[in-house]
Amino acid sequence: RRQRQMCIRDSFYPTTSIARRIALEELRWDPDDNQFTITWKSLPGEEYEVDRSTDLLSWEPIATGLVGTGDAMSFVDQAIPTPPGQGYFYRVRQP
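Figured I'd write up the structure that's included with this text. Remember, predicted model here, so these are calculated numbers, not experimental data.

Conventions we followed
- Residues numbered from 1 in each chain as written.
- Predicted model: local features only at pLDDT ≥ 70, side-chain atom pairs only at ≥ 80, totals over all residues.
- Heavy atoms only, no water.
- Helix = DSSP H or I, 4+ residues; strand = E, 2+ residues; numbered from the N terminus.
- Buried < 20%, exposed > 50% of the residue type's maximum accessible area, 1.4 Å probe, protein only.
- Contact = heavy atoms within 4.5 Å.
- Salt bridge = Lys/Arg side-chain N within 4 Å of Asp/Glu carboxyl O.
- Pairing = 2+ DSSP bridges.

Thoughts on the overall build of the chain
Argument step 1. Of regular secondary structure, the chain possesses 0 helices and 7 strands.
Argument step 2. Overall, the chain shows an N-to-C arrangement of helices and strands of β-β-β-β-β-β-β.
Argument step 3. Put simply, the chain has 95 residues, and 33% of those count as buried.
Argument step 4. Taking contacts inside the chain between residues at least 6 apart in sequence as the whole, the part at least 24 apart equals 63%.

Have a look at this one:
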């Protein structure tokens, strides 16, 4: 069974002149299903995106247009590429 290393980086971008951090609540890796779940606290009506990277320089959007409800939001990455020894970084951000 291959082992994969996952790192999480929460990111923030200003939507006004004040930057807000996105509070990650849970990070869960399921090696049997090759899925990674990210859960964060959302703000009502605010839009979120989830990106994935292999080098922290180039980011691939994997979920866009996620609108907050004020409760916890989750995204499950079910399409994780599987090159041997490859690690991935994730970020949740506001566009």
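Structure's up, so let's keep going.
Here's the deal with the pattern of salt bridges
Argument step 1. By the definition in use, this model includes 6 salt bridges.
Argument step 2. The network of salt bridges with shared partners includes Glu49, Asp51, Arg91 and Arg93.

Observations regarding the pairing of strand E7 (residues 88–93)
Argument step 1. Extensive coverage of E7 is indicated by the burial of 5 of its 6 residues.
Argument step 2. Here 5 bridges tie strand E4 (residues 47–53) to E7, and the two strands are oriented antiparallel to one another. Across the sheet, residue Asp51 finds its bridge partner in E7, namely Arg91.

What about unusual backbone geometry?
Argument step 1. Located in the positive-phi region is Asn34, a residue other than glycine, with phi close to 55°.
Argument step 2. In this fold, Asn34 is placed in the loop between strand E2 (24–30) and strand E3 (35–41).
Argument step 3. Here the phi dihedral of Leu56 falls at roughly 65°; this positive angle occurs in a residue that is not glycine.
Argument step 4. Looking at the secondary structure, you find Leu56 in the loop between E4 and strand E5 (60–67).
Argument step 5. The exposure class of Leu56 is partly exposed, given its relative accessible area of 37%.

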